[in-house]
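What the coordinates show
Chain residues, written in single-letter form:
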Amino acid sequence: MSARTGRGGTTDVLPTTFTELSLLLAAVRRSRVLTVTGPLREPRSLLVRDVAQRLASNFYDGAAVVTVQQQGGVRELVAALGCVPGMPFLPCGTANAASWLAERDMLLVMDGCDHLTTAALDWLRTLLADAPGLRILASGRHPLAVGQGRIHCL
């Protein structure tokens, strides 16, 4: 897993229209969980990273982008969050990290959510229940399985 903040420019062309992008930005603000799905990873990844960059200032604690490249468990997810530039070091242990994140107003972007383990999905469900200011924007071939969320198909 790797991580980075949702700030920074991109020169690539987005795989969506202006109207579609506007609807997607509004959906992220209104939803707790939104997944961008589609068969190709690069367009999904490009879109969620652009949305994170555009919406980071809407959240007090900004946006954190976590790329899940291999089978990602809870420890790997917490470690990746702790490596996000600009984010304070997360407390040790998954319970402490969940407690710390529960107090945040932030957008968590999960790029490649298909690789998350069942334990990581359970942890995210618990985190969503405990963190009212947390929003999750995910990308993957399939919707992020953490409860009722919106889906945007590319």
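Look above for the structure.
The notes below deal with the structure included here.

Reading guide: rules and limits
- Residues numbered from 1 in each chain as written.
- Predicted model: local features only at pLDDT ≥ 70, side-chain atom pairs only at ≥ 80, totals over all residues.
- Heavy atoms only, no water.
- Salt bridge = Lys/Arg side-chain N within 4 Å of Asp/Glu carboxyl O.
- Helix = DSSP H or I, 4+ residues; strand = E, 2+ residues; numbered from the N terminus.
- Buried < 20%, exposed > 50% of the residue type's maximum accessible area, 1.4 Å probe, protein only.
- Core = buried A, V, L, I, M, F, W, Y, C linked by side-chain atoms within 4.5 Å.
- Phe/Tyr/Trp six-rings, centres within 6.5 Å; stacked < 30°, edge-to-face > 60°.
- Lys NZ or Arg CZ within 6 Å of the ring centre and 35° of its normal.
- Expected span 1.5 Å × (residues − 1).
- Arc of directions from axis to C-beta.
- Contact = heavy atoms within 4.5 Å.
- Axes fitted to C-alpha atoms, helices over the stretch in contact; angles between N-to-C directions.
- Parallel < 35°, antiparallel > 145°, perpendicular 65-115°, else oblique.
- Left-handed = near helix turned anticlockwise from the far one by under 90°.
- Polar contact = N/O pair within 3.5 Å; in protein donor to acceptor, adjacent residues only side chain to side chain.
- Nonpolar A, V, L, I, M, F, W, Y, C, P; charged D, E, K, R; others polar.

**Here's the deal with the pattern of salt bridges**
According to the stated counting rule, one finds four salt bridges in the structure shown. Two residues, R125 and D122, come together in a salt bridge whose shortest N-O distance is 2.4 Å. Taken together, the residues span about one helical turn, with R125 and D122 both in helix 5 (residues 118–130) at a distance of three residues. Owing to a relative accessible area of 33%, R125 belongs among the partly exposed residues under this scheme. Its relative accessible area of 38% is what places D122 among the partly exposed residues.

**Quick word on the nonpolar core**
Core analysis: the biggest nonpolar cluster contains 32 residues, and L108, M110, L116, W123, L124, I136 and L144 have the highest contact counts within it. When residues of this core are traced back to their parent elements, those giving at least two are strand 3 (63–67), helix 3 (74–82), helix 4 (94–102), strand 4 (106–111), helix 5 and strand 5 (134–140). If you look at the next biggest cluster of nonpolar residues, it comprises 19 residues, including L21, V51, F59 and A63.

**Side note on the packing of aromatic side chains**
With the rule as written, the count across this model stands at zero aromatic pairs. Positioned above the aromatic ring of W100 is the side chain of R104, whose terminal nitrogen or guanidinium carbon lies 4.0 Å from the ring centre.

**Examining helix 5**
Given a rise of 1.5 Å per residue, 13 residues ought to cover 18 Å, and the 19 Å separating the end C-alpha atoms of helix 5 matches this to within 8%. By the burial criterion, the buried members of helix 5 are A120, L121, W123, L124, L127 and L128. All buried residues of helix 5 project into a common sector of 160° when viewed along the axis, lining one side. Seen from the buried face of helix 5, the exposed residues on the opposite side, beyond 90 degrees, are T118 and A129.

**Quick notes on the side chain of T37**
By secondary structure assignment, the location of T37 is in strand 2 (residues 33–37). The residues contacting T37, other than those within four sequence positions of it, are R44, G140, R141, H142, P143, I151, H152, C153 and L154.

**Topic: the packing of helix 1 (residues 18–30) against helix 2 (residues 41–55)**
In contact at an axis separation of 11 Å, helix 1 and helix 2 are set at 65° when each is read in the N-to-C sense. With respect to their mutual orientation, helix 1 and helix 2 come out roughly perpendicular. Taken as a pair, helix 1 and helix 2 cross one another with a handedness that is right-handed. Across the interface between the two elements, L21, L24, L25, V28 and R29 of helix 1 pack against L47, D50, V51, R54 and L55 of helix 2.

**Side note on the side chain of R49**
The residue R49 is located in helix 2 in this model. For R49, the side chain forms a polar contact with the side chain of D111, separated by 3.2 Å.

**Notes on the packing of helix 3 against helix 5**
It is the contact of helix 3 with helix 5, at a shortest axis distance of 8 Å, that shows an interaxial angle of 60°. On the basis of the axis angle, helix 3 is oblique to helix 5. Across the interface between the two elements, V74, L77, V78 and L81 from helix 3 touch A119, A120, W123 and L124 from helix 5. Split into classes, the residues belonging to the contact of helix 3 with helix 5 amount to eight nonpolar, no polar and no charged.

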